Structure formats: structure tokens, C-alpha cells
Protein chains: 2
Amino acid sequence: MTAERSYHHGDLRRAVLTAALDVIATEGPAALSLRDLARRAGVSHAAPAHHFKDRAGLLTAIAAEGHGLLAAALGEAEDLRDLGVRYVRFAGAHPAHFQVMFRPELLRTDDPELLAARERTRTRLRAAVEGYGDDPALGFMAAWSMAHGFATLLLSRNLDGLLSGSDPEETFRALAGAMSGRPGTP
Amino acid sequence: MTAERSYHHGDLRRAVLTAALDVIATEGPAALSLRDLARRAGVSHAAPAHHFKDRAGLLTAIAAEGHGLLAAALGEAEDLRDLGVRYVRFAGAHPAHFQVMFRPELLRTDDPELLAARERTRTRLRAAVEGYGDDPALGFMAAWSMAHGFATLLLSRNLDGLLSGSDPEETFRALAGAMSGRPGTP
DNA sequence: TCCCATATCTTGACATCGACTAGATTGCTG
DNA sequence: CAGCAATCTAGTCGATGTCAAGATATGGGA
């Protein structure tokens, strides 16, 4: 936004990323067009390719950034329910990242940056699940499935008629508490 | 497959649908190309448009068909866990349908056929949840989130390292049992 | 039986997109 | 200050979705 018409954009990579996040959040990853992003940034149609190689490269960069954000958002969760609440909160705060992160067919799954970021998230998740129940993998999948399913259905507007205006995050807290036998609110 | 080269295909609509399901199941909805489907069916590139209007129309037809299949697959579920197991089983048996059904950005959400089919599924789901807990909507969302999340993560191959070769359906049964305080196997 | 309205399919065209290449411009570094 | 690497532009190609107009087959009514 600083220089209006210089040969070099200044921070094209970031500009394309934010524009892409905007498009994905409102219209989904399928509606993403590299040429449109270039137009939004005011550069030529082939400029983004230099930063991201191709479409898959751009989405991979978004996914990697998303994993970094998710790892930070999970932080030091108190328990499984809190972990799920943070997961859902992340999905609501960064819908574009979330919609891309778990779609291998859109990504370069062998990208080293993506692998590193994903591994950071997974270790964070594993640590939070440690010691829950006799089978950690089972508890892990149960918590992940519930949080991921809620977040996915929420973002795809499939829960619109059910939430009845209440805060999704609070709804999930009550929901997770009911499922694990604990009260909805402490 | 009967007539090799007649002007009329015979059942082009079904041929395009099955070809599309094949593509979506293996490469996802983003890789779907109307012209490629036309080539597979041995017709001209504009022939599919007459049956489905456009890309969104084709995906909408798949989604509507999927809702019909899902309603049938849910059948008369014994309890919430059985309902979830049937949901996961459907996702595994009809991955292409499942991957399209809950993506409003890919569909004509005002299509009457789609709306009717979706309503049939929802009433089936609602009936199965009736009388569970004090807040039916909460139990409904909890069960749906868990089943949908597990199915989504399963199809996107995000559980590959966790399932350790066991049957996904059985894993989900154990998982749902652990979450609701019941044993994994009856 | 004939005939035509309609459904189905073909052909052609246009704008757009992703990807590639070659060349221009800029900024940095020695 | 010189040259080198990073960044961006311009041009091109094949493929795609969508539309319009024409060709062909099918079925029901005269």
C-alpha cells in the first residue's frame, strides 16, 4: 500500500497471501485464481508464480502458515475439552487456513516447510493428550474427530439452524462436556 | 456400453455421473473437468451440459443422490453410536458423494431436488436423536460432529498413521463408546 | 404409416486460467 | 561503481467452462 506504482511491489508475497486468504474465506479454495490475486495486488499475471511456483505452492504456503498458527493457538491446553475449544476457536479465527490445511489433494505434501509445521502441531496435540485413558490414540482420535467435525460443519454453515445464535465456541464447550460426562460450564 | 457409436448415448446422464464419482473419489472435486467426463463417455465436450446445466449442476446432482444414499444407509439405527457407525460406513462406501454433500460453495443450494433429499436425511437424523439427553440439539451436534469429523479425517487420509491397520469402522465404534462412557464392543 | 415437436448431441466460438519462456528492471553486495 | 541475483513484465500455449446455433434421433398423435 506504500508505493503505488514501483516496479517492485515491496511485499508481494504477503499481499498475495492475504488476498488469497480473503478469497478462500469467502468463496472457498476452488474459487482461487492466481491471475485474480495478481490483479488485486496490482502486478502482472505471472508475478505470483515467482513466490509460490504454482497454485499448489500457494496453498501449501497457506497450509504451513496455518499449522504454525494452530500450534500457537493450542498453547498450553488444560484438558482435552479445552484443547478442542482452542481448535474450534482457531478454525473460526482463521477459516481460510483451516479449509486448506487438511486437504492433501490441494497441497505439495512433501514440502519440507509444510512437514515441519505440521509436525509442530502434531507434537503439540500429542502432548496435550498424553495420559488420557488407557489408549491414548483412541482418545486422541475421539477429541480430534469431535473438534474437527464441529469446526468443519461450522465453517460450511451446516450448523446454522442448530446454534440458534449462541456462541459456537460456548456451544462446543457444552457439547464436549456432555459427551465426556462433565458439565457444560465449570 | 451397449451402442458403441450412435448419435444418442443411451444413458449419458448416468455415465457422466459415475465417471465424475470416479474422479472425485480419487482426485477430489477440484480435479473434475466436464470436458474430461465427456471424453470418457465418448461424447462431445458440450453434451454433459444438457443434463446438468453446468459444473455446479453436476455436483448438485451428486449431492442430492448422496443424501438419498445416506438416508437409506442410516436406516433404523439402534442408538447414537450405531448412527455414527452407519454415517462413517456411508462415507467410506461413497467417498465421492460424501466429499461433495457438505460443501455449499460447490452446489446450487436452492435446487429443489437437493433440498428435498437433504431434508429427508435430516429428518432421519433427528428421529434417531429424539429423546437423548435433556438437550436434543446438543446431543445431535455432538454425535454429528464426531462422526463427521472422523469420516472427514479418514477420507482426507489424516488418520493413516493412527489407525494402525485396523478397520476404521470398528475403530470408530470403540472411539464413540469411549467418549460416551460405554465399552468399545458390546 | 407418416410427421413433427422435443429431447439429445455436435460443432464452433469466446473469454479465462495455469504454466512456461524470455526479457526488462531493481536492489544488493563486493 | 560494476555486476549479479531477485523480482517483475510481456507474450504465448494448451485446456477449460459456458454459450449459441445447427444436426440428429425418438416418441406420440394425426
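Placed above this text is the structure.
Scoring rules and cut-offs
- Residues numbered from 1 in each chain as written.
- Chains lettered and ligands numbered in written order.
- Predicted model: local features only at pLDDT ≥ 70, side-chain atom pairs only at ≥ 80, totals over all residues.
- Heavy atoms only, no water.
- Helix = DSSP H or I, 4+ residues; strand = E, 2+ residues; numbered from the N terminus.
- Buried < 20%, exposed > 50% of the residue type's maximum accessible area, 1.4 Å probe, protein only.
- Contact = heavy atoms within 4.5 Å.
- Lys, Arg positive; Asp, Glu negative; His and termini not counted.
- Charge placed at Lys NZ, Arg CZ, Asp CG, Glu CD.
- Least-squares fit on C-alpha atoms with pLDDT ≥ 70 in both.
- Expected span 1.5 Å × (residues − 1).
- Phe/Tyr/Trp six-rings, centres within 6.5 Å; stacked < 30°, edge-to-face > 60°.

Engineer: So what's going on with the overall build of chain A? Which residues, and what values?
Structural biologist: The helix and strand tally for chain A stands at 10 helices and 0 strands. In chain A, the succession of helices and strands from N to C terminus is α-α-α-α-α-α-α-α-α-α. Each principal axis of the C-alpha atoms in chain A carries an extent, and together these give about 60 × 35 × 30 Å. Evaluated residue by residue, chain A yields a buried proportion of 45% over its 186 residues. Restricting to contacts in chain A with at least 6 residues of sequence separation, those with at least 24 account for 65%. Within chain A, one finds 21 positive and 23 negative side-chain charges whose respective centroids are separated by 5 Å.

Engineer: Give a detailed account of the relation of the copies chain B and chain A, specifying residues and quantitative values.
Structural biologist: When chain B is brought onto chain A, the operation consists of a screw motion whose angular component is 180° and whose axial shift is 0.0 Å, with 0.0 Å RMSD remaining. Overall, the copies show the geometry of a two-fold rotation axis. Residue B:Gly149, judged by its C-alpha, is the member of chain B lying nearest the rotation axis, at 1.7 Å. Most of the interface of chain B is mirrored in chain A, where 97% of its interface residues are also at the interface.

Engineer: Please set out helix 1 (residues 12–27) of chain B residue by residue, giving values where relevant.
Structural biologist: Residues that lie three or four places apart on an α-helix share one face, since the helix turns once every 3.6 residues. Residues and elements named next belong to chain B. Over its 16 residues, helix 1 runs 22 Å from end to end, which matches the ideal 22 Å to within 8%, given 1.5 Å per residue. Tucked into the core, helix 1 has its buried residues touching helix 2 (34–41), helix 3 (47–52), helix 4 (55–74) and helix 6 (95–101). Following helix 1 by one or two positions, Gly28 has its phi on the positive side, about 85°.

Engineer: Residue-level account of the packing of aromatic side chains, with values.
Structural biologist: All names here are of chain A. Counted under the stated rule, the structure contains 11 aromatic pairs over all chains. Measuring from centroid to centroid gives 5.8 Å for Tyr87 and Phe98, while their planes differ by 85°, and the two rings are edge-to-face. Of this pair, Tyr87 sits in helix 5 (residues 80–93) while Phe98 sits in helix 6 (residues 95–101), placing them 11 residues apart in sequence. Residues Tyr87 and Phe98 agree in their burial class; the two are buried. Ring geometry for Phe140 and Trp144: centres 5.6 Å apart, planes at 25°, overall stacked. In this pair, Phe140 and Trp144 both sit in helix 8 (residues 136–155), 4 residues apart, roughly one turn of the helix. Assigned by exposure class, Phe140 and Trp144 land together as buried. Cluster of aromatic residues (ring-pair linked, three or more members): Tyr87, Phe98, Phe102, Phe140 and Trp144.

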